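Residue-level structure breakdown
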Amino acid sequence: MAKQLVGVAKFQIPGGQATPAPPVGTSLGKYGINLGQFVQAFNDRTKEAAGMMIPVVVSVYNDRSFDFYTKSPPAAVLLKKVAGLAKGSGVPNKTKVGTVTRAQLAEIATLKMNDLNSRDVDHAVRMIEGTARSMGLVVEG
């Protein structure tokens with residue numbers, strides 16, 4: 001008999017730092033899966049991205065087994081890292097908090113290409129540029 005999908009949970013965890021505490025425990029505990037097994041597998045898979053927020057999608061099956069896949073970090077997190085900021089601007093249309101170059105945007109776009117809904121890298125760069133502008137960053141170049 002084939003496994004049936006019971007539920008899907010989506011959340012973000014810092015890479016390599018998952019614990020059974022929330023948000024992991026509250027999202028997956030209701031399905032009765034082994035939280036320790038998930039935490040160990042997630043931390044092993046994301047140890048090279050330590051500290052970066054990693055979105056994860058977990059599929060849980062009726063026999064309490066699961067599989068998961070990780071996505072690339074959110075564009076805002078990558079932009080803050082590149083610009084050296086703690087947070088974006090509270091009023092992005094008036095207060096500018098930093099600058100990024102087109103080359104940096106292209107680097108972020110190629111990293112996120114699998115997760116973006118874009119047809120080519122130029123379109124992905126424009127999407128990342130919009131995120132940068134909404135955070136109060138000035139795009140140069």
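Residues numbered from 1 in each chain as written. Predicted model: local features only at pLDDT ≥ 70, side-chain atom pairs only at ≥ 80, totals over all residues. Heavy atoms only, no water.

**Focus: the packing of aromatic side chains**
Condition: Aromatic contacts are taken between Phe, Tyr and Trp rings whose centres are within 6.5 Å, Trp giving its six-membered ring; a plane angle under 30 degrees counts as stacked, one over 60 as edge-to-face, and the others as tilted. Secondary structure elements are taken from DSSP: a helix is a run of H or I of four residues or more, a strand is a run of E of two residues or more, and numbering for both begins at the N terminus. The classification of residues rests on relative accessible area computed with a 1.4 Å probe and restricted to protein chains. Under 20% of the type maximum is buried, over 50% is exposed, and intermediate values are partly exposed. Ring-over charges, as used throughout, are those where CZ of Arg or NZ of Lys falls within 6 Å of the ring centre and within 35 degrees of the ring normal.
Enumeration over the complete set of coordinates arrives at six aromatic pairs. For the ring pair Phe 42 and Phe 68, a centre distance of 6.4 Å and an interplane angle of 45° mean the geometry is tilted. Highlighted residues: Phe 42 in helix α2 (residues 35-45) and Phe 68 in strand β3 (residues 66-70), separated in sequence by 26 residues. Here the two residues Phe 42 and Phe 68 agree in accessibility, since each one is buried. Among the aromatic residues, those joined into a ring-pair cluster are Phe 11, Phe 38, Phe 42, Phe 66 and Phe 68. Residue placement shows Lys 3 over the ring face of Tyr 61; its charged tip is 4.8 Å from the ring centre. A cation over a ring is seen here: Arg 45 above Phe 68, with NZ or CZ 4.0 Å from the ring centre.

**Details of the layout of surface pockets**
The following threshold applies: Cavities and pockets were defined on a 1 Å grid built from protein atoms only: a cavity is a group of points that admits a 1.4 Å probe but offers it no way out, a pocket is an open group of points flanked by protein on both sides within 12 Å along at least five of seven lines, and a lining residue is one with an atom within 4 Å of any such point. Grid points are joined across faces, edges and corners, and a volume is the space filled by probe spheres set on the points. For this scheme, ten residues count as nonpolar: Ala, Val, Leu, Ile, Met, Phe, Trp, Tyr, Cys and Pro. Four count as charged, namely Asp, Glu, Lys and Arg, and the remainder, Gly too, count as polar.
Of the volumes computed, that of the largest pocket is approximately 180 Å³. Lining the largest pocket are Ala 49, Met 52, Pro 73, Leu 78, Lys 81, Val 82, Glu 107, Ile 108 and Leu 111. Secondary structure elements with two or more residues in the lining of the largest pocket: α3 (75-83) and α4 (102-112). Residues that form the lining of the largest pocket fall into these classes: seven nonpolar, no polar and two charged.

**Focus: the sheet that holds β3**
Test applied: Pairing between two strands is assigned when DSSP locates at least 2 bridges connecting them. Axis definition: a line fit to C-alpha positions, over the contact stretch in the case of helices; interaxial angles, taken between N-to-C directions, run 0 to 180 degrees. Contacts are residue-level and defined by heavy atoms, with any inter-residue pair within 4.5 Å sufficient.
The antiparallel open sheet is built from three strands, whose spatial order is β1-β2-β3. Unpaired on one side and paired on the other, β1 (5-14) and β3 mark the two borders of the sheet. In this sheet, adjacent strand axes meet at a mean angle of 20° when their direction is disregarded. Bridging between β1 and strand β2 (residues 53-61) involves nine bridges; their strand directions are antiparallel. Looking at the pairing, Gln 12 lines up with Pro 55 of β2. Docked against the sheet, α2 engages β1, β2 and β3, running at close to 30° with respect to β3.

**Re the environment of Met 135**
Inspection of the secondary structure puts Met 135 in the loop between α5 (121-134) and β5 (137-140). Exposure remark for Met 135: the relative accessible area of 10% places this residue in the buried category. Taking the C-alpha atoms as reference points, Met 135 and Asn 93, separated by 42 residues in sequence, lie 8.9 Å from one another. If we skip the residues at most four places from it in the chain, Met 135 touches Ala 76, Leu 79, Lys 80, Gly 88, Ser 89, Pro 92 and Val 97.

**Describing the packing of α3 against α4**
Selection criterion: With the far helix as reference, a near helix turned anticlockwise by less than a right angle produces a left-handed crossing, and one turned clockwise produces a right-handed crossing.
Orientation of α3 relative to α4, taken along the N-to-C sense of each, is 145°, at an axis distance of 11 Å. In the crossing of α3 with α4, the sense of the turn from one axis to the other is right-handed. Contact residues: Ala 75, Leu 78, Leu 79 and Val 82 in α3; Gln 104, Leu 105, Ile 108, Leu 111 and Lys 112 in α4. Counted by class, the contact of α3 with α4 contains seven nonpolar, one polar and one charged residues.

Everything listed here is a matter of geometry and, on its own, says nothing about what the molecule does.
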